[in-house]
Amino acid sequence: MSINTILNTLYQNYAQFFPPVQMMDIQRTSIALVKKGWIQIPSDYIQFLHITDGLSWNGLELFSIREHERRDSVFGQPTLLAYQTEYSLKQLFPKSLVVGRATETLILYRL
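What you are looking at is a predicted structure, and each value in this text was computed from that prediction instead of being measured.

Per the stated rule, a full pass over the model turns up three aromatic pairs. Residues phenylalanine 63 and tyrosine 83 carry aromatic rings whose centres are separated by 4.5 Å and whose planes lie at 35 degrees to one another, so their mutual orientation is tilted. On the criterion of sequence distance, the pair formed by phenylalanine 63 in the loop between β3 (60-62) and β4 (68-69) and tyrosine 83 in helix α4 (residues 80-87) is long-range, its members being 20 residues apart. Taking the relative accessible area as the measure of exposure, phenylalanine 63 reaches 0% and is therefore buried.

Given below as structure tokens:
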């Protein structure tokens, strides 16, 4: 199943998408992550960010590059950089990047 098929299904089930992000913004964030000791943004996640800059659906959040307001919520969409920095998860998950979360679960990309 392709990423477009999955995202189309989520869209039909009321997932919130955000405008795609430019490659320059992705590179800037990736460089900042590496400087802070995280891994760079994986190429398949970059593909996702070119379609939608993050995603929010039914308790699932895939983090974005830019800050976005979510509809019907007082909370904003978490960004990749802010989430890594805020929770200092580097020691728990070396050579990883937290790309999302669901109820009491972190979604990791590991090298």
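A regular strand places its side chains on the two faces of the sheet in alternate fashion. In this sheet, strand β7 (residues 105-110) lies alongside strand β6 (residues 96-102) in antiparallel orientation, the contact comprising six bridges. Paired with leucine 97 across the bridge in β7 is tyrosine 109.

A word on helix α2 (residues 23-35). Relative to the 18 Å expected for 13 residues at 1.5 Å per residue, α2 spans 18 Å between its end C-alpha atoms, a close match to the ideal helical length. Within α2, the full set of buried residues consists of Asp25, Ile26, Thr29, Ser30 and Leu33. Down the axis of α2, the buried set is contained in an arc of 135 degrees. They therefore lie on one face. The outward face of α2, more than 90 degrees from its buried face, is lined by the exposed residues Met24, Ile31 and Lys35. At the exit of α2 stands glycine 37, carrying a positive phi of roughly 95 degrees.

Ile41, Tyr45, Leu49, Leu80 and Leu97 are the most contacted members of the largest nonpolar core, which totals 24 residues. Elements represented by at least two residues in this core include exactly α1 (3-12), α2, α3 (43-51), α4 and β6.

Our focus in this paragraph is the environment of threonine 52. With respect to the helices and strands, the residue threonine 52 is situated in the loop between α3 and β2 (55-57). Assessed through its relative accessible area of 1%, threonine 52 is described here as buried. For the pair threonine 52 and valine 21, spaced 31 residues apart in the sequence, the C-alpha separation amounts to 7.2 Å. Here threonine 52 is in contact with Phe17, Phe18, Pro19 and Pro20, once residues within four sequence places are set aside. Within the local environment of threonine 52, its side chain forms a polar contact with the backbone oxygen of glycine 54, the two atoms lying 2.7 Å apart.

Criteria and cut-off values
- Residue positions are given per chain, counting from 1 as you read along its sequence in written order.
- pLDDT decides what is reported in this predicted model: residues at 70 or higher carry local features, side-chain atom pairs at 80 or more are listed and counted, and totals for whole chains, interfaces and linings draw on all residues regardless.
- Side-chain numbers come from the whole structure's heavy atoms, not from hydrogens or water.
- In summary, the pairing rule links any two rings of Phe, Tyr or Trp, Trp by its six-membered ring, whose centres are within 6.5 Å, and it sorts them by plane angle into stacked for under 30 degrees, edge-to-face for over 60 and tilted for everything else.
- Numbering of helices and strands starts at the N terminus; helices are DSSP runs of H or I of at least 4 residues and strands are runs of E of at least 2.
- Exposure categories follow from relative accessible area, calculated using a 1.4 Å probe and restricted to protein chains: below 20% of the type maximum is buried, above 50% is exposed, and the middle band is partly exposed.
- Strands qualify as paired when DSSP identifies two bridges or more between them.
- Each helix should span, by expectation, one fewer than its residue count multiplied by 1.5 Å.
- This arc corresponds to the set of directions leading from the helix axis out to the C-beta atoms.
- Working definition of a nonpolar core: buried Ala, Val, Leu, Ile, Met, Phe, Trp, Tyr and Cys residues. They are joined through side-chain atoms within 4.5 Å.
- Pairs of residues are marked as contacts when any of their non-hydrogen atoms sit within 4.5 Å.
- Definition of a polar contact: a pair of N or O atoms within 3.5 Å, with one able to donate and the other able to accept a hydrogen when the atoms are protein atoms, and with sequence-neighbouring residues admitted only if both atoms are side-chain atoms.

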